[in-house]
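# Residue-level structure breakdown
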There are 4 protein chains.
Amino acid sequence: MKRMMNLLKDRKRLYNIVFEADTPAGKTFDIAVMIAIVLSLVVAFVETKPAVVGRFKDVLTVMEYVLTFFFTIEYILRLYCSPRPKRYALSFFGIIDLLATLPLYLSFIPYLHTTRYFFILRVFRLTRIFRVLKLFSFINEGYLLLQSIKLSIRKILVYFLFVVILVIILGTLMYIVESEQPNSQFADIGTSIYWAIVTLTTVGYGDITPVTVVGRLLSSVVMILGYTIIAIPTGIVSATMIDETRKKGKNGRCPRCGHKTDLHANYCKHCGERL
Amino acid sequence: MKRMMNLLKDRKRLYNIVFEADTPAGKTFDIAVMIAIVLSLVVAFVETKPAVVGRFKDVLTVMEYVLTFFFTIEYILRLYCSPRPKRYALSFFGIIDLLATLPLYLSFIPYLHTTRYFFILRVFRLTRIFRVLKLFSFINEGYLLLQSIKLSIRKILVYFLFVVILVIILGTLMYIVESEQPNSQFADIGTSIYWAIVTLTTVGYGDITPVTVVGRLLSSVVMILGYTIIAIPTGIVSATMIDETRKKGKNGRCPRCGHKTDLHANYCKHCGERL
Amino acid sequence: MKRMMNLLKDRKRLYNIVFEADTPAGKTFDIAVMIAIVLSLVVAFVETKPAVVGRFKDVLTVMEYVLTFFFTIEYILRLYCSPRPKRYALSFFGIIDLLATLPLYLSFIPYLHTTRYFFILRVFRLTRIFRVLKLFSFINEGYLLLQSIKLSIRKILVYFLFVVILVIILGTLMYIVESEQPNSQFADIGTSIYWAIVTLTTVGYGDITPVTVVGRLLSSVVMILGYTIIAIPTGIVSATMIDETRKKGKNGRCPRCGHKTDLHANYCKHCGERL
Amino acid sequence: MKRMMNLLKDRKRLYNIVFEADTPAGKTFDIAVMIAIVLSLVVAFVETKPAVVGRFKDVLTVMEYVLTFFFTIEYILRLYCSPRPKRYALSFFGIIDLLATLPLYLSFIPYLHTTRYFFILRVFRLTRIFRVLKLFSFINEGYLLLQSIKLSIRKILVYFLFVVILVIILGTLMYIVESEQPNSQFADIGTSIYWAIVTLTTVGYGDITPVTVVGRLLSSVVMILGYTIIAIPTGIVSATMIDETRKKGKNGRCPRCGHKTDLHANYCKHCGERL
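Counting from 1, residues in each chain are numbered in the order their sequence is written. Written order determines the labels here, with chains lettered from A and ligands numbered from 1. Only residues with pLDDT of at least 70 are given local features in this predicted model, and only at 80 or more are side-chain atom pairs given and counted; all residues enter the totals for whole chains, interfaces and linings. Side-chain measures were taken over the full set of non-hydrogen atoms in the model, leaving aside hydrogen atoms and water.

This part takes up the overall build of chain A. Of regular secondary structure, chain A possesses 12 helices and zero strands. Runs of H or I in DSSP of at least four residues are treated as helices and runs of E of at least two as strands, each being numbered from the N terminus. In sequence order, chain A lays out its α and β elements as α-α-α-α-α-α-α-α-α-α-α-α. Relative accessibility under 20% of the residue-type maximum defines a buried residue, over 50% an exposed one, and the middle range a partly exposed one, all with a 1.4 Å probe and only protein chains included. Looking at chain A as a whole, 50% of its 275 residues qualify as buried. Carbon and sulfur atoms provide 68% of the accessible area of chain A, an area that totals close to 14000 Å². Here the accessible surface of atoms and residues is derived via Shrake-Rupley with a 1.4 Å probe, and residues count as covered only by protein chains that are part of the display.

A few words now on the domain arrangement of chain A. Residues and elements named next belong to chain A. When its domains are assigned, chain A resolves into domain 1 (2-134) and domain 2 (135-275). Any two residues having at least one pair of non-hydrogen atoms within 4.5 Å are treated as being in contact. Each partner contributes to the interface: domain 1 provides eight residues, whereas domain 2 provides five residues. Buried area adds together the accessible area that both of two parts lose upon being put together, with accessible area traced by a 1.4 Å probe. Buried surface at the junction of domain 1 and domain 2, summed over both partners, amounts to about 580 Å²; 70% is from carbon and sulfur atoms. Area buried by domain 1 at its contact with domain 2 is led by Val132, Leu133 and Lys134, which between them contribute 73% of it. Any Lys or Arg side-chain nitrogen located within 4 Å of an Asp or Glu carboxyl oxygen qualifies as a salt bridge. One can count zero salt bridges joining domain 1 with domain 2. Pairing of N or O atoms within 3.5 Å defines a polar contact, subject to two protein rules: one partner must be a possible hydrogen donor and the other a possible acceptor, and residues neighboring in sequence count only if both atoms are side-chain atoms. Along the contact surface separating domain 1 from domain 2 lie zero residue pairs in polar contact (both at pLDDT 80 or more). Of all the secondary-structure elements, those providing two or more residues to the side of domain 1 that touches domain 2 are α3 (24-46) and α8 (132-135). These domain boundaries are the output of an automatic or database domain assignment.

It is worth spelling out helix α4 (residues 50-81) of chain D at this point. Taking the largest bend as the criterion, α4 of chain D deviates by roughly 85°, centred on phenylalanine 56 of chain D. Every buried residue of α4 of chain D is accounted for by Val53, Leu60, Glu64, Leu67, Thr68, Phe71, Thr72, Glu74, Tyr75, Leu77, Arg78 and Cys81 of chain D. At every residue, the bend is computed as the angle between two fitted axes, covering the seven residues ending there and the seven beginning there respectively.

The subject of this paragraph is the confidence of the model for chain A. The pLDDT value tells you how sure the predictor is about a given residue, anywhere from 0 up to 100. Averaged over every residue, the pLDDT of chain A is 82; the share at 70 or more is 86%. Scored as a whole, the predicted complex attains pTM 0.85, and scored at its interfaces, ipTM 0.83.

On to the relation of the copies chain D and chain C, then. Rotating chain D by 89° and moving it 0.0 Å along the rotation axis overlays it on chain C with an RMSD of 0.1 Å. On this basis, the relationship between the two copies can be described by a four-fold rotation axis. To superpose the copies, least squares is applied to the C-alpha atoms of every residue with a pLDDT of at least 70 in both.

Enumeration according to the criterion identifies 20 salt bridges over all chains in this entry. Between glutamate 74 of chain B and arginine 78 of chain B there is a salt bridge, and its shortest N-O distance comes to 2.8 Å. One end of the pair, glutamate 74 of chain B, and the other, arginine 78 of chain B, are both in helix α4 (residues 50-81), four residues apart, so they sit about a helical turn from each other. Residues glutamate 74 of chain B and arginine 78 of chain B agree in their burial class; the two are buried. Salt-bridge contacts for arginine 78 of chain C lead to aspartate 97 of chain C; the nearest nitrogen and oxygen are separated by 3.6 Å. Placement of the pair is arginine 78 of chain C in helix α4 (residues 50-81) and aspartate 97 of chain C in helix α6 (residues 92-108), with a sequence separation of 19 residues. You'll find arginine 78 of chain C and aspartate 97 of chain C in the same group, each marked buried.

Attention shifts here to the packing of helix α9 (residues 139-178) of chain A against helix α9 (residues 139-178) of chain B. Between α9 of chain A and α9 of chain B, the least distance of the axes is 9 Å, while the angle of their chain directions is 75°. Relative to α9 of chain B, α9 of chain A is oriented roughly perpendicular. Contacts between α9 of chain A and α9 of chain B involve Arg154, Lys155, Val158 and Tyr159 of chain A from the first element and Glu141, Gly142, Leu144 and Leu145 of chain B from the second. Under the grouping applied here, Gly and all other residues not named as nonpolar or charged are polar, the nonpolar ones being Ala, Val, Leu, Ile, Met, Phe, Trp, Tyr, Cys and Pro and the charged ones Asp, Glu, Lys and Arg. Of the residues contributing to the contact of α9 of chain A with α9 of chain B, the split by class is four nonpolar, one polar and three charged. Comment: axis = line fitted to C-alpha atoms, over the contacting stretch for helices; angle = value between 0 and 180 degrees taken between N-to-C directions. Under this scheme an angle from 65 to 115 degrees is roughly perpendicular, one under 35 degrees roughly parallel, and one over 145 degrees roughly antiparallel; angles in between are oblique.

Further remarks concern the interface of chain A and chain D. The partner chain D presents 52 residues to the 52 residues of chain A that form the contact. Roughly 4500 Å² is buried in total at the junction of chain A and chain D, and carbon and sulfur atoms are behind 74% of that figure. Across the contact surface, chain A and chain D share one salt bridge. Between aspartate 188 of chain D and lysine 49 of chain A there is a salt bridge, and its shortest N-O distance comes to 3.6 Å. The tally of links from chain A across to chain D stands at five residue pairs in polar contact (both at pLDDT 80 or more).

Attention now moves to the interface of chain D and chain C. The partner chain C presents 52 residues to the 52 residues of chain D that form the contact. Of the roughly 4500 Å² buried at the junction of chain D and chain C (both faces included), carbon and sulfur atoms supply 74%. The tally of links from chain D across to chain C stands at one salt bridge. Of all the secondary-structure elements, those providing two or more residues to the side of chain D that touches chain C are α7 (118-124), α8 (132-135), α9 (139-178), α10 (189-200), α11 (213-229) and α12 (231-250) of chain D.

All names here are of chain A. Along the chain, valine 163 falls in helix α9. Once the C-alpha coordinates of valine 163 and isoleucine 229 are considered, the two residues, 66 residues apart in sequence, prove to be 9.1 Å apart. The contact partners of valine 163, leaving out residues within four places of it in the chain, are Leu200 and Ile229.

Take serine 148 of chain C: it is sitting in helix α9 (residues 139-178). If near-sequence neighbours (up to four positions away) are discounted, serine 148 of chain C is found in contact with Thr240, Met241 and Glu244 of chain C.

Moving on, we come to the packing of helix α2 (residues 11-19) of chain D against helix α3 (residues 24-46) of chain D. All names here are of chain D. It is the contact of α2 with α3, at a shortest axis distance of 7 Å, that shows an interaxial angle of 45°. Classified by the interaxial angle, the pair formed by α2 and α3 is oblique. Together, Asn16, Ile17 and Val18 of α2 and Ala25, Gly26, Phe29 and Asp30 of α3 make up the contact between the two elements. Among the residues making up the contact of α2 with α3, the classes are represented as four nonpolar, two polar and one charged.

So, about the packing of aromatic side chains. Each aromatic ring pair is specified by the distance between its two centres and by the angle formed by the two planes. Stacked, tilted and edge-to-face are the three classes applied to pairs of Phe, Tyr and Trp rings, where Trp contributes its six-membered ring and a pair requires centres within 6.5 Å; stacked means planes under 30 degrees apart, edge-to-face means over 60, and tilted covers the rest. Tallying each qualifying case throughout the model produces 28 aromatic pairs over all chains. A centroid spacing of 6.0 Å and a plane angle of 70° characterise the contact between phenylalanine 70 of chain C and phenylalanine 71 of chain C, whose relative ring orientation is edge-to-face. On the basis of relative accessible area, phenylalanine 70 of chain C is assigned to the partly exposed category, the value being 28%. A relative accessible area of 1% places phenylalanine 71 of chain C in the buried class. Aromatic pair tyrosine 75 of chain C and tyrosine 88 of chain C: ring centres 6.2 Å apart, planes at 40°, arrangement tilted. Of this pair, tyrosine 75 of chain C sits in helix α4 while tyrosine 88 of chain C sits in helix α5 (residues 85-90), placing them 13 residues apart in sequence. The pair tyrosine 75 of chain C / tyrosine 88 of chain C is uniform in exposure class, with both members buried. Across the ring face of tyrosine 80 of chain A, the terminal group of arginine 11 of chain A is positioned such that the distance to the ring centre comes to 4.4 Å. If you follow arginine 78 of chain D out to its NZ or CZ, it ends over the ring of phenylalanine 19 of chain D, 5.2 Å from the centre. Charge-over-ring contacts are defined here by two conditions on Lys NZ or Arg CZ: a distance within 6 Å of the ring centre and an angle within 35 degrees of the ring normal.

This part takes up unusual backbone geometry. Residues and elements named next belong to chain A. Located in the positive-phi region is asparagine 183, a residue other than glycine, with phi close to 55°. Relative to the helices and strands, asparagine 183 is located in the loop between α9 and α10 (189-200). Given the relative accessible area of 78%, asparagine 183 is considered exposed.

Next up on the list: a nonpolar patch on the surface. Here, patches come from residues exposed beyond 30% relative accessible area and free of salt bridges, joined within 9 Å for like charges and within 5 Å for nonpolar side chains (Val, Leu, Ile, Met, Phe, Trp, Tyr). A surface patch of nonpolar side chains, about 420 Å² in accessible area, is lined by Met1, Met5, Leu8 and Tyr80 of chain A. Its location among the elements puts leucine 8 of chain A in helix α1 (residues 2-9).

Here the focus is the side chain of aspartate 97 of chain C. According to the relative accessible area criterion, aspartate 97 of chain C is buried, its value standing at 1%. In this view, aspartate 97 of chain C contacts Tyr75, Arg78, Tyr88, Arg128 and Arg131 of chain C; residues no more than four positions away in its chain are not counted.

Following this line, the structure appears as structure tokens:
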């Protein structure tokens, strides 16, 4: 108890435990949070199974109370030990941490009680699990991926616009070809565009399929097209990633941590990244 | 009203508004066109839903008249302010702009009235939306993608011919294997080739599936083949994109705008492209 | 008629027409062969549609006779004008050309008459269509693709062995998990392995689907695995293609035709390949 | 018989036959093992087909006895001729070799007799088939692939975590949107997440499909997302493979065997790898 009180006084040490993952205490704290998040998800998912809820209703209710209490304490601790509490509260993770505590409290408000929309709040807790990257020092890999995506995003958006226009045109063509059939599954253009997306992305549910010869010919074109143009985003991301990898050699810096590297080094002496 | 008349006299300024997107007026004009295109599509799509048409028939008719009027004015303006009207009228976008105005006019011609084929004309309006790229200066990304596709197109066509011959051979084999079954879904070779395309492209509707052991073995070969040869177009496009990216460094020019770049520059000083 | 006789005497000129596609006469000959191949396929496919055969039986029979006569003449001409007839007869295309003439002749042999297996012979005619590459001088692109595939084939075979072992293990696991269910679709291990291939390759027919929770968990693993390991053949082919592209610069030779290139040339002066 | 006894005395020669594949005797031994493995799998698979078992029960039983005897002899030989038997017994392949002999022996133990779980033991025999790589000297290709995967694994794990969180969020959203429908297939969140995985990976069984307009819109987003983010692992593996390929040139060593290479060599003089 006294150790607890001492810890609460030493804000900097508390900060290291709550926000960082370098110390054993920090790691333990992060793992506890992860477990709590996964547990809260399991509770949320089980509650949608009527057969299970009947038998374990009390257990589930108690768990939700305990977990909400835990997340509330965690949020207060983070606010308390953060050097700039306001900035934390308004940051992406600050808002997510706050949302994580809300579902139970909101269910006390009359009339809101039964809505299914709280599931989203509970599921948003999951995004907090990205903090686990820090735990296993995977944060650099995450950063590298984000960097590559950021550099490719404009090209991918152009590709995306191209795909959207393509599926609208192909869906409309298919509507014209197939809708005249008796009991056609291509009832309206919206459905036809949905079919075009299902087919072009090679998902192929099979809930809507062409039956006429012309419709099947057109589908074949859509399929082969979808099978081929998937090469475009892949090419974009590959080119960006290779370019990023090549750059590290050029400017003599580690691509991961940015430290200068020795000329013939095979590994960065700072972070151990293979060069 | 007077400003309008002045604008109509100043053809060059009008050209900047109608064809370019550098000025606020030009941007506003482009956005207005985009909204009109999207609205006209929504009208077209809703008209294929019998339940909706009954209630909103008048609204839809009025909107189609207003939009056609807008597109007609736009087309006349483009013709009027273009320095070479004939060349514009015969260009790709010139023809699309003209087609965008037609659906309503064509529906006045007796007997043509009820055909579903006008949907295509309405949907072609959508390709005009590519002008939005200019609006957000994504035109370079679009150009780069087009360039990569153009450089890869011959290799992809050879791959395409290979895929077509493959699906015909595999479809015929499957017909021989499965068509003897009672109530076989592989009724004729055309259907079997359609199945081969659905399977090789990994779409997999499931409307036609093999039931014999030999048929399933053959399908497995088709699936694994399709799963592997998708690597070929991807490899082609990746190699081309990487090659294009590499070239910028070689000849000391920005790959986007073509301007000379300084030796150690990280960004093109002309267009801001990352080098 | 006399010109025909003269042509038959001039074997070298005949060779140019029949085997090459540089002269107008050679191109015309190749196009005629292509049309004959496509026609023979259409005849073969239509014959599997009982409804159509009834009405056009005579037309189809006559066409098959005419086409067989044409392919026979073509084969004799090729044999006659080839400088080394024996070598041609035993080459890949020589055998295919011979097979192209056989289906009708074989149907004269009693008892063989009705078998469906002749379709394969007719469809093999299709591989001759690869000669069209020569027609549009796409032969180099075809060669480049073949080269890349040849250099990657050993790595892809190892990957292939890995996929085969994976689907057998996953299929067996799924059999253990799902086969106990009443009316399970996973009736035996063969079917379960078929399911694993359908799922891993992301084809997903949906004719066999898991219904238990454990089965769905296992399928999820199979799907995400299949979605991820498709990156391996793609990576192999990309790396090979990029390597091939890079090599042209290194040794100062055109990657397409092998001719020496000038130092700063952008195109090979021999074949026009972009360097 | 006497040659057999001599061979048993010459442990080193025996080792070459049993563990290596350089000598004709070694190759023959490896091929015999492969055939035995494939046969044992065929026996195992056929036993799950009730119709077949009835007729061939005796043959299957005899074959299982013979194969188990063969695998036992093989395991004893490996233990006997290995210079470090303990190390072999505890190695990956040592354990697999031992497991390969067990299924029959375990079935003698009462009560264990009828469980289906022995299939897994039998199927694990299959992993021994990777030794075939040694047979065709594909071991280097296997090693190269493994190396590339090892270097990419951290980035792919981050991507994997991202995909898992994505499907949970998308599945929950879909549950909220679709579960209110009468007879909805999205019965609980677990099923909805399963649907999200089936859709995002572009497998698309079609056993669970959206029926509402909002549900179809959301599915479209999931499909296009899945179709696009497949570019990420592909990009990662491509970049790693290209990097590995490039390195061989840099440090003047063969990427396959590690031997020094001559400056202008096109092939490694040690292992024949194309440089």
